[in-house]
Protein chains: 2
Amino acid sequence: MSNKHHPASTRDAIIAAADALFYQQGVASTSFADIAAQVHISRGNFYHHFRSKDEILDAVIALRTDRTRGMLAAWAAEAPDAGARLRRFARMLVQNRDAIQRYGCPVGTLCSELARHAHPARDGAAMILELFRNWLRAQFEALGHGQDADALALHLLVRSQGIAALAHAFHDEDLIHREIALVEDWLDSLHTHS
Amino acid sequence: MSNKHHPASTRDAIIAAADALFYQQGVASTSFADIAAQVHISRGNFYHHFRSKDEILDAVIALRTDRTRGMLAAWAAEAPDAGARLRRFARMLVQNRDAIQRYGCPVGTLCSELARHAHPARDGAAMILELFRNWLRAQFEALGHGQDADALALHLLVRSQGIAALAHAFHDEDLIHREIALVEDWLDSLHTHS
DNA sequence: GTCTATAAGAAGATAGAC
DNA sequence: GTCTATCTTCTTATAGAC
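Residues numbered from 1 in each chain as written. Chains lettered and ligands numbered in written order. Predicted model: local features only at pLDDT ≥ 70, side-chain atom pairs only at ≥ 80, totals over all residues. Heavy atoms only, no water.

Going by an unreviewed UniProt entry, chain A carries the name TetR/AcrR family transcriptional regulator and comes from Massilia agri.

Regarding the relation of the copies chain B and chain A
What counts, and what does not: Our superposition of the copies is a least-squares fit, built on the C-alpha atoms of residues whose pLDDT is at least 70 in both. Working rule for contacts: check all heavy atoms of both residues, and any pair within 4.5 Å makes them a contact.
In screw terms, the move from chain B to chain A is a rotation of 180 degrees and a rise of 0.0 Å along the axis, fitting with an RMSD of 0.0 Å. One copy is carried onto the other by what is essentially a two-fold rotation axis. Judged by C-alpha distance, B:G162 is the residue of chain B that lies nearest the rotation axis, at 1.8 Å. Both copies contact each other with a shared surface, as 100% of the interface residues of chain B are interface residues in chain A too.

Considering the environment of B:L154
What counts here: A run of DSSP states H or I qualifies as a helix once it reaches four residues; a run of E qualifies as a strand once it reaches two. Both are numbered from the N-terminal end.
As for its position among the elements, B:L154 is in helix 9 (residues 149–170). Placed 139 residues apart in sequence, B:L154 and B:I15 show a C-alpha to C-alpha distance of 30 Å. Leaving out residues up to four positions away in the same chain, B:L154 has contacts with A:L166, A:F170, A:L175, A:R178, A:E179 and B:R133.

A look at the protein's contact with DNA strand C
What counts is decided by this rule: Proximity is defined per residue: any heavy atom of the residue falling within 4 Å of a molecule or strand makes that residue near it. Distance and chemistry together define a polar contact, namely a pair of N or O atoms within 3.5 Å, with one atom able to donate a hydrogen and the other to accept it when in protein, and with adjacent residues in sequence counting only for side-chain atoms on both sides. Each residue gets one of three labels, nonpolar for Ala, Val, Leu, Ile, Met, Phe, Trp, Tyr, Cys and Pro, charged for Asp, Glu, Lys and Arg, and polar for the others, Gly among them.
Taken together, 14 residues surround DNA strand C, and among them A:T10, A:S42, A:H49, B:F32 and B:Y47 come closest. When the atoms of DNA strand C within 4 Å of the protein are grouped by moiety, sugar and phosphate amount to 66% of the total. Between DNA strand C and A:H49 there is a distance of 3.0 Å, counted from a phosphate oxygen to a side-chain nitrogen or oxygen. Within the backbone of B:F32, an N or O atom sits 2.9 Å from a phosphate oxygen of DNA strand C. Looking at the surface near DNA strand C residue by residue, the classes come out as 3 nonpolar, 10 polar and 1 charged.

What about the UniProt feature "DNA-binding region" (unreviewed entry) in chain A?
To be explicit about the condition: UniProt positions are given in the numbering used here, feature names are shortened, and annotations may be inferred rather than shown by experiment.
Mapped onto the present numbering, the UniProt feature "DNA-binding region" (unreviewed entry) falls at residues 31–50 of chain A. For residues 31–50 of chain A, the helix share is 60%, the strand share is 0%, and the end-to-end C-alpha distance is 14 Å.

A short note on the side chain of B:R88
All names here are of chain B. Basically, it comes down to this: Residue burial is assigned from relative accessible area. The probe radius is 1.4 Å, only protein chains are included, and a residue is buried under 20% of its type maximum, exposed over 50%, and partly exposed in between. For the purpose of counting charges, residues Lys and Arg are taken to be positive, whereas Asp and Glu are taken to be negative. His and the chain ends are not included. Basic side-chain nitrogens of Lys or Arg form a salt bridge, by our definition, when they fall within 4 Å of a carboxyl oxygen of Asp or Glu.
With respect to the helices and strands, the residue R88 is situated in helix 5 (residues 82–95). With no salt bridge to any partner, buried R88 finds its closest opposite charge in E78, at an N-O distance of 4.1 Å. At a separation of 3.1 Å, a polar atom in the side chain of R88 contacts the side chain of Q95. The residues contacting R88, other than those within four sequence positions of it, are W75, E78 and Q95.

Section: the domain arrangement of chain A
All names here are of chain A. Selection criterion: Residue ranges for the domains trace back to a domain assignment, done automatically or taken from a database. When two components associate, each loses some accessible surface as probed by a 1.4 Å sphere; the sum of these losses over both components is called the buried area.
Each assigned domain of chain A is listed with its residue range as follows: domain 1 (1–51) and domain 2 (61–192). Between the C-alpha centres of domain 1 and domain 2 there is a distance of 27 Å. With 8 residues of domain 1 at the contact, the number on the domain 2 side is 12 residues. Both sides of the domain 1 and domain 2 interface together cover about 780 Å² of buried area, and 56% of this is carbon and sulfur. Contact with domain 2 buries area across many residues of domain 1, yet D19, Y23 and V27 alone supply 70% of it, more than any other trio. A salt bridge links R64 to D19; the nearest nitrogen and oxygen atoms lie 2.7 Å apart. One can count 6 residue pairs in polar contact (both at pLDDT 80 or more) joining domain 1 with domain 2.

Following this line, the structure appears as structure tokens:
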């Protein structure tokens, strides 16, 4: 499972390519041939590293989970207080606006696809969303909204997912700027209340 | 295109079955065999009514467009004023909470799937979302928010799509109740301002 | 560890009988 | 208008040589 000893191994290259393609094309419509073409290996070589496509998906979800944990930890280390951390989260959508407008939210679209097919990896994908939820809740708690912290965290996730969904559907990057500005206003209004 | 003379024709049965299956399973992972099983026809019979799968999708989008137009017109006829109409829109999510929690928003998930693959029918699906946007904008204009009407309409769509996405991902019906209550509070606050 | 060759099945689509 | 039979292509997966 670890890639400590083989940082550039074929296995890791497969996971990295699958990670990108699953995001851009969806899991179901990404074939082994697609991944193989990117990694420059043959289709047969796949089954030396993974037993099935679902096993690749599991590895991709594990990768994204780790990456998300790392990102949230980095935000917590960079930003001095909870208010700044919440704003850092909001800025993520502006930062990734090009990819979001093209392919949607990586977490949201994966959860949507897996939830609709009651896929075994469904809960693993939802777990990534939960990581954000828990991290956001902790920031709202630090801001003094102990009682409503989880509701506020979910509300912020709702708006983020909605912004990504509409930016994707309308192919409209500018929508992200405008709606995130409203989110920042809302965060400011919470801060003054506490 | 019209179904006036053949209300229960095979063609209409195909469209109705495809409409449901495209929603529940997605377009790409719904096969001719799936639809044929529901309609109780053979796979070959398909091509007497449609030349390709994309043509079925076009018919489904046309059906949904008509249905949406009818629903919005009915809401406008039922609700006395713009404020009541906006609340009627918000209630739609509560009303459809079971399906939304299972399969997501029918419009949002279709737009997301087609946008990611740059599908020819992409704009047709986004058009349904535009119908909601235009209808909502008209209500905000009637409420006296002429300048901001479109931004307010988009904001309401953002929250609706986000609510549907999270209810689907977390399999959480209750989230819809709580977030729609917040939407209603927001609508109330707009009314008193005007 | 990587390859070629190939199986086994599902998909969209066609031809032609009835 | 509906069917069966068939074609082609794509997909996942396996077997075995190197």
